[in-house]
Amino acid sequence: MPVTIALSKGRIFDETLPLLAAAGIAPSENPDTSRKLIIGTNRADVRLVIVRASDTPTYVEYGAADLGIAGKDVLAEHGGAGLYQPLDLGIAACRMMVAVPEGFDYAAAVRTGARLRVATKYMRAAREHFAAKGVHVDLIKLYGSMELAPLVGLADVIVDLVSSGNTLRANRLVAVEEIAKISARLIVNQAALKLKRAELQPVIDAFAGAVATHA
Ligand code: PRT
Ligand code: MG
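Residues numbered from 1 in each chain as written. Chains lettered and ligands numbered in written order. Predicted model: local features only at pLDDT ≥ 70, side-chain atom pairs only at ≥ 80, totals over all residues. Heavy atoms only, no water.

(A) Summary view of the layout of surface pockets. Space inside the largest pocket adds up to approximately 1,100 Å³. Lining of the largest pocket is provided by 40 residues; of these, R11, D73, K121, Y122 and L161 occupy positions nearest its centre. Of all the elements in the fold, those that place two or more residues in the lining of the largest pocket are α1 (11-22), β4 (67-71), α3 (72-78), β9 (157-162) and α6 (166-170). Among the elements that take part in the lining of the largest pocket, α3 stands out by supplying four residues, more than any other. Grouping the constituent residues of the lining of the largest pocket by class yields 17 nonpolar, 14 polar and nine charged. In this structure, the lining of the largest pocket is formed jointly by two domains, domain 1 (3-92 + 183-214) and domain 2 (94-180), each of which donates at least three residues. (1 Å grid on protein atoms, 1.4 Å probe; cavity = no way out; pocket = protein on both sides within 12 Å on 5 of 7 lines; lining within 4 Å. Points joined across faces, edges and corners; volume = space filled by probe spheres on them. Helix = DSSP H or I, 4+ residues; strand = E, 2+ residues; numbered from the N terminus. Nonpolar A, V, L, I, M, F, W, Y, C, P; charged D, E, K, R; others polar. Domains from an automatic or database assignment.)

Structure follows, in structure tokens:
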């Protein structure tokens, strides 16, 4: 039975290439330049499917892919049902942060119990974070460019991912609180792991070996 691996293009694909190489898998095309959504590899029994980052857990949950690689942010929103998560791969690392416009006194807003409007793509993580702090929030769901929201009065604060900090700086925003450290994990369909263990385990083991070597 062939092995299907779900990946998103861009940083996840790029940073997964060395792990695939460690498992003896070389994609036959680069999804950043190819428009193909199913990409073959040097191994007849392994193929890649190229999906939107936030869709990766869904493909693996339903068994349309046996394996996938998804950020902890994406997995937290998905909930992780039906997924086995054997490995933190340490790739695509960033931090989930609360950020505010320069000059906004976040500490004072929290202290005085102000109700905050929060724009984010990460509804679940944001809801849990502010609930744990006892801060009342109105969450505004966005699908991209959260950084814009406070600049045009859509929100007081945002919850977003930060890696270099360049996007925040370019938009005169400052990070005020870390919610979580994020990196990508290997996810495995639980039923596939039982039915196709002979095919999947060597790939999982090779990834684990590559992660241990780079750590
Ligand atoms: O882009 P698309 O809307 O299709 O989906 P996506 O943003 O979920 O996918 P992609 O490929 O951009 O990200 C895939 C995964 O990479 C995410 O789920 C994270 O786990 C991880 N990751 C690591 C990041 C970043 N670093 C990151 N910096 N994902 C997004 N960003 C964005 C961030 O949202 C912000 O807009 O980059 C911007 C900030 O970057 P800096 O370097 O300016 O701080
Ligand atoms: Mg993106």
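(B) View of the domain arrangement of the protein chain. Assigned domains of the protein chain: these are domain 1 (3-92 + 183-214) and domain 2 (94-180). Contacts between the two partners involve six residues from domain 1 and, on the opposite side, eight residues from domain 2. Carbon and sulfur atoms supply 44% of the area that domain 1 and domain 2 bury against each other, a total of about 550 Å² over both sides. On the surface where domain 1 and domain 2 come into contact, there are four residue pairs in polar contact (both at pLDDT 80 or more). (Contact = heavy atoms within 4.5 Å. Buried area = accessible area lost by both parts, 1.4 Å probe. Polar contact = N/O pair within 3.5 Å; in protein donor to acceptor, adjacent residues only side chain to side chain.)

(C) Local environment of the pattern of salt bridges. Applying the stated rule across the entire model yields eight salt bridges. A salt bridge links R43 to D45; the nearest nitrogen and oxygen atoms lie 3.3 Å apart. Of the residues examined, D45 reaches a relative accessible area of 31% and is grouped as partly exposed. Within the structure, one salt-bridge network assembled from shared partners comprises R95, E178 and K181. (Salt bridge = Lys/Arg side-chain N within 4 Å of Asp/Glu carboxyl O. Buried < 20%, exposed > 50% of the residue type's maximum accessible area, 1.4 Å probe, protein only.)

(D) Fine view of the site of ligand 1. In the region of ligand 1, 22 residues are neighbours, and R52, D73, S164, G165 and T167 sit closest. Take S164: an N or O atom from its side chain is 2.5 Å from an oxygen atom of ligand 1. Only α1, α3, β9 and α6 provide two or more residues apiece to the shell around ligand 1. The leading source of residues in the shell around ligand 1 is β9, at three residues. Taken domain by domain, the shell around ligand 1 gets at least three of its residues from each of domain 1 (3-92 + 183-214) and domain 2 (94-180). (Near = heavy atom within 4 Å.)

(E) Focus on the sheet that holds strand β1 (residues 3-7). Judged by pairing direction, the sheet is mixed, and its six strands sit side by side in the order β2-β3-β1-β4-β11-β5 without closing on themselves. Here the strands that pair on one side only, and so sit at the sheet edges, are β2 (38-40) and β5 (83-88). Looking at each pair of strands side by side, their axes are set apart by 30° on average, direction ignored. The strands touched by α1 are β1, β3 (46-50), β4 and β11 (184-189); relative to β1, the strand with the most contacts, the crossing angle is about 145°. Of the strands in this sheet, β1, β4, β5 and β11 are in contact with helix α8 (residues 197-214), which crosses β5 at around 30°. (Pairing = 2+ DSSP bridges. Axes fitted to C-alpha atoms, helices over the stretch in contact; angles between N-to-C directions.)

(F) Geometry of the side chain of E147. As for its placement among the helices and strands, E147 is situated in the loop between β8 (137-141) and β9. Put simply, E147 is tucked away with no salt bridge, and the nearest opposite charge, on R11, sits 9.2 Å away. Not counting chain neighbours up to four residues away, the residues in contact with E147 comprise I158, D160, T167, L168, N171 and L173. (Lys, Arg positive; Asp, Glu negative; His and termini not counted.)

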